[in-house]
Amino acid sequence: MDLCAQCPRQDDKGCCGFYSPVFYPTDLAYLYINEPELLRHIFSLDRLTILDASVTVNNVIEGESYRCRFHSQAGGCTLPQHLRESVCRHFVCAGIGWMEEEGLQDWRDFFENLTEYEIETNNRWSEILAAMGITLRKPDLRDRFFSELAKLYQENLDNLPDFMKSMPKEEVRTLRRSLNFGTAWIL
Ligand code: SF4
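Here is a short report on the structure shown in this document. All values reported here derive from a predicted model rather than from experimental measurement. (Residues numbered from 1 in each chain as written. Predicted model: local features only at pLDDT ≥ 70, side-chain atom pairs only at ≥ 80, totals over all residues.)

Turning to the packing of helix H1 (residues 25-34) against helix H5 (residues 142-157), a few remarks are in order. The interhelical angle for the contact between H1 and H5, taken along N-to-C directions, is 100°, at an axis separation of 9 Å. As summarised for this structure, H1 and H5 are arranged roughly perpendicular, according to the angle between their axes. Seen from H1, the contacting residues are Pro25, Leu28, Ala29, Tyr32 and Ile33; seen from H5, they are Phe146, Leu149, Ala150 and Tyr153. (Axes fitted to C-alpha atoms, helices over the stretch in contact; angles between N-to-C directions. Helix = DSSP H or I, 4+ residues; strand = E, 2+ residues; numbered from the N terminus. Parallel < 35°, antiparallel > 145°, perpendicular 65-115°, else oblique. Contact = placed C-beta atoms within 7 Å.)

Here it is as structure tokens:
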């Protein structure tokens, strides 16, 4: 779900005004295999924080908050949902409070499992790549970083945990909420 383009806060940026997306190995592997142009674009940006196995696209100061580099005043996030990093990809506006909804506890459990699985996978892959002496900090090692990462990604795809198959690939559920505007929309 993505309300960010018309955030009830009416500040043209909602939560994205306080966040800098961080791409971890699972995000980077997906982009490398499916959207290499976007990956190249990310690494061509300035104001990045590049660590051994992650890259942060730092936001810029704007007024009393910030603006994410992928956020457009006209339409919210410029990245399609499946190309965002994990936090942004799974983000559902806190004002909706979907996790407290009784009928959605199965999805809450699923996303908790997914978060744990992603953290564990990112840590494990980071350790494997570090043990090989590969780091994103050194530009000349990045090709090797991504080719090794792609192998790890494929291995994981071939051995998905059971919880991944526990929910349907697509499902429509409808929640109704009254909107408040400006700072009365609590995040
Ligand atoms: S990447 Fe998109 S969803 Fe994430 S903070 Fe930036 S604009 Fe918002």
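Next comes the rest of the account.
Moving on, we come to the site of the ligand. Around the ligand lies a shell formed by Cys4, Cys16, Tyr19, Pro21, Cys68, Phe70, His71, Cys77, Leu79, Arg84 and Cys88. The residue makeup of the shell around the ligand, split by class, is nine nonpolar, one polar and one charged. (Near = placed C-beta within 6 Å. Nonpolar A, V, L, I, M, F, W, Y, C, P; charged D, E, K, R; others polar.)

Looking at where Val55 falls in the secondary structure, it is placed in strand S3 (residues 55-57). In sequence terms Val55 and Asn156 are 101 residues apart; their C-alpha atoms lie 21 Å from each other. The residues contacting Val55, other than those within four sequence positions of it, are Phe23, Ile42, Leu48, Ile50 and Leu136.

The next point concerns the nonpolar core. Across soluble globular proteins, you tend to see nonpolar side chains buried next to one another. Counting residues in hydrophobic clusters, the biggest one holds 17 residues, and the most contacted among them are Phe23, Leu28, Ala29, Leu129, Phe145 and Leu149. Those elements that place two or more of their residues in this core are H1, helix H2 (36-44), helix H4 (105-131) and H5. The biggest single contributor to this core is H5, with four residues. Look past the residues within four positions of Leu149 in its chain and what remains in contact with it is Pro25, Leu28, Ala29, Tyr32 and Trp125. (Core = buried A, V, L, I, M, F, W, Y, C linked by C-beta atoms within 7 Å. Buried ≥ 20, exposed ≤ 12 C-beta atoms within 10 Å, placed from the backbone.)

What follows deals with the sheet that holds strand S2 (residues 48-50). Within the open sheet, the three strands sit side by side as S1-S3-S2. Their pairing is antiparallel. Each edge of the open sheet is held by one strand with a lone partner, namely strand S1 (22-23) and S2. Sheet analysis places S2 next to S3, joined by three bridges and oriented antiparallel. Bridging from a neighbouring strand, Leu48 pairs with Val57 of S3. (Pairing = 2+ DSSP bridges.)

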